[in-house]
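Examination of the molecular architecture
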Amino acid sequence: MSDESNLPEGEEQPHLLLVDDDATFTRVMARAMTSRGLRVSVANSAEEGLAVAKADLPDYAVLDLKMEGDSGLVLLPQLLALDAEMRVVILTGYSSIATAVEAIKRGAANYLCKPADADDVLTALVSEHADLDSLVPENPMSVDRLQWEHIQRVLAEHDGNISATARALGMHRRTLQRKLQKRPVRR
């Protein structure tokens, strides 16, 4: 392990379970965490994450809050039922005080807002207590920015197909086209 790692020393590499439906994010984060001395398993849904955890119990878990199917908040108590000592961090691009409090109540060791880099995640995993002041950023994204981010995510999920994206969002295709023509809101 590197000297920068705050992970406890042990005979074998600590095991991290990374559960997020964003394949690019999981690939990048898994590589970064592996370089920091962790053995990483990746799952793309809560159901898959639970199956991986049952087969190979992790020491740590990072769960996306919003995924297709069950959310990270649903998976969190299921993982802790397997091992109450597991350190779990909830990671989200849609931060709110309500979800932060709910995550901590359900047993999360910490709650991080995206974008978070590997060092932020590692610090959150090994810190003793959640920093309640940093659970939600001082300047959270505006509703317009959140809407723009959500539209972009759904558009990417539908491979740029405007009609399929409009159906998934429950809006008229022309309305979606107008929203896509606007510049993205900064925050």
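What you see is a predicted model; the values in this text were computed from it and never measured. (Residues numbered from 1 in each chain as written. Predicted model: local features only at pLDDT ≥ 70, side-chain atom pairs only at ≥ 80, totals over all residues. Heavy atoms only, no water.)

1. A few points about the overall build of the chain
Across its full length, the chain holds 8 helices and 5 strands. What you see in the chain, going N to C, is helices and strands ordered as β-α-β-α-β-α-β-α-β-α-α-α-α. Pairs at least 24 residues apart make up 60% of the contacts formed inside the chain by residues separated by at least 6 positions. Carbon and sulfur atoms form 49% of the exposed surface of the chain, whose accessible area is close to 10,700 Å². (Helix = DSSP H or I, 4+ residues; strand = E, 2+ residues; numbered from the N terminus. Contact = heavy atoms within 4.5 Å. Areas by Shrake-Rupley, 256 points an atom, 1.4 Å probe, with all protein chains shown as cover.)

2. Quick notes on the sheet that holds strand β2 (residues 39-43)
Taken in spatial order, the 5 strands line up as β2-β1-β3-β4-β5 in an open sheet, and their pairing is parallel. Both outer strands of the open sheet, β2 and β5 (110-113), are each paired with one neighbouring strand and no more. The sheet shows a mean angle of 20° between the axes of neighbouring strands, direction not considered. Relative to β2, strand β1 (residues 15-19) runs parallel, the two being bridged by 5 bridges. Residue pairing in the sheet places L18 in a bridge with V42 of β2. (Pairing = 2+ DSSP bridges. Axes fitted to C-alpha atoms, helices over the stretch in contact; angles between N-to-C directions.)

3. Side note on the nonpolar core
Among the nonpolar cores identified, the biggest contains 23 residues, and L63, L79 and I90 are the most heavily contacted of them. Among the secondary structure elements, those contributing two or more residues to this core are β1, α2 (46-55), β3 (60-64), α3 (72-82), β4 (87-92), α4 (97-105) and β5. With sequence-adjacent residues up to four places away left out, L63 is seen in contact with V19, G72, L75, L76, L79, V88, V89, I90 and L91. Counting residues in hydrophobic clusters, the runner-up holds 19 residues, among them M33, V89, L112 and A116. (Core = buried A, V, L, I, M, F, W, Y, C linked by side-chain atoms within 4.5 Å. Buried < 20%, exposed > 50% of the residue type's maximum accessible area, 1.4 Å probe, protein only.)

4. Section: the pattern of salt bridges
This structure, assessed with the given rule, holds 3 salt bridges. Between D119 and R36 there is a salt bridge, with the nearest N and O atoms lying 2.9 Å from each other. Here D119 is found in helix α5 (residues 118-126), whereas its partner R36 is found in the loop between α1 (23-35) and β2, with 83 residues between them in sequence. Among the salt bridges present, the one from D56 reaches R39, with a minimum N-O distance of 2.6 Å. Here R39 lies in strand β2 and D56 lies in the loop between α2 and β3, a separation of 17 residues in the sequence. (Salt bridge = Lys/Arg side-chain N within 4 Å of Asp/Glu carboxyl O.)

5. A few points about the packing of helix α7 (residues 162-169) against helix α8 (residues 173-181)
At a minimum axis distance of 9 Å, the contact between α7 and α8 shows a crossing angle of 105°. The angle between the axes of α7 and α8 places the two elements in the roughly perpendicular class. Packed against α7, whose contacting residues are I162, S163, T165, A166 and L169, the element α8 presents R173, L176, Q177 and L180 at the interface. Considered class by class, the residues forming the contact of α7 with α8 number 5 nonpolar, 3 polar and 1 charged. (Parallel < 35°, antiparallel > 145°, perpendicular 65-115°, else oblique. Nonpolar A, V, L, I, M, F, W, Y, C, P; charged D, E, K, R; others polar.)

6. What to know about the packing of α2 against α3
Between α2 and α3, the least distance of the axes is 10 Å, while the angle of their chain directions is 5°. Put simply, α2 runs roughly parallel to α3. Contact residues: A46, L50, A53 and K54 in α2; L75, Q78, L79 and L82 in α3.

7. A short note on the confidence of the model for the chain
In the predicted model, the chain carries a mean pLDDT of 80, and the fraction of residues at 70 or more is 82%. Across the chain, element-level confidence peaks in β2 with a mean pLDDT of 93 and bottoms out in helix α6 (residues 143-157) with 75. With pLDDT under 50 throughout, residues 1-5 is counted as low confidence; its partners more than four residues away or in other chains account for 6 contacts. Ignoring residues within four places in sequence, the model shows residues 132-136, a span with pLDDT below 50, making 9 contacts including any to other chains. (pLDDT = per-residue confidence, 0-100.)

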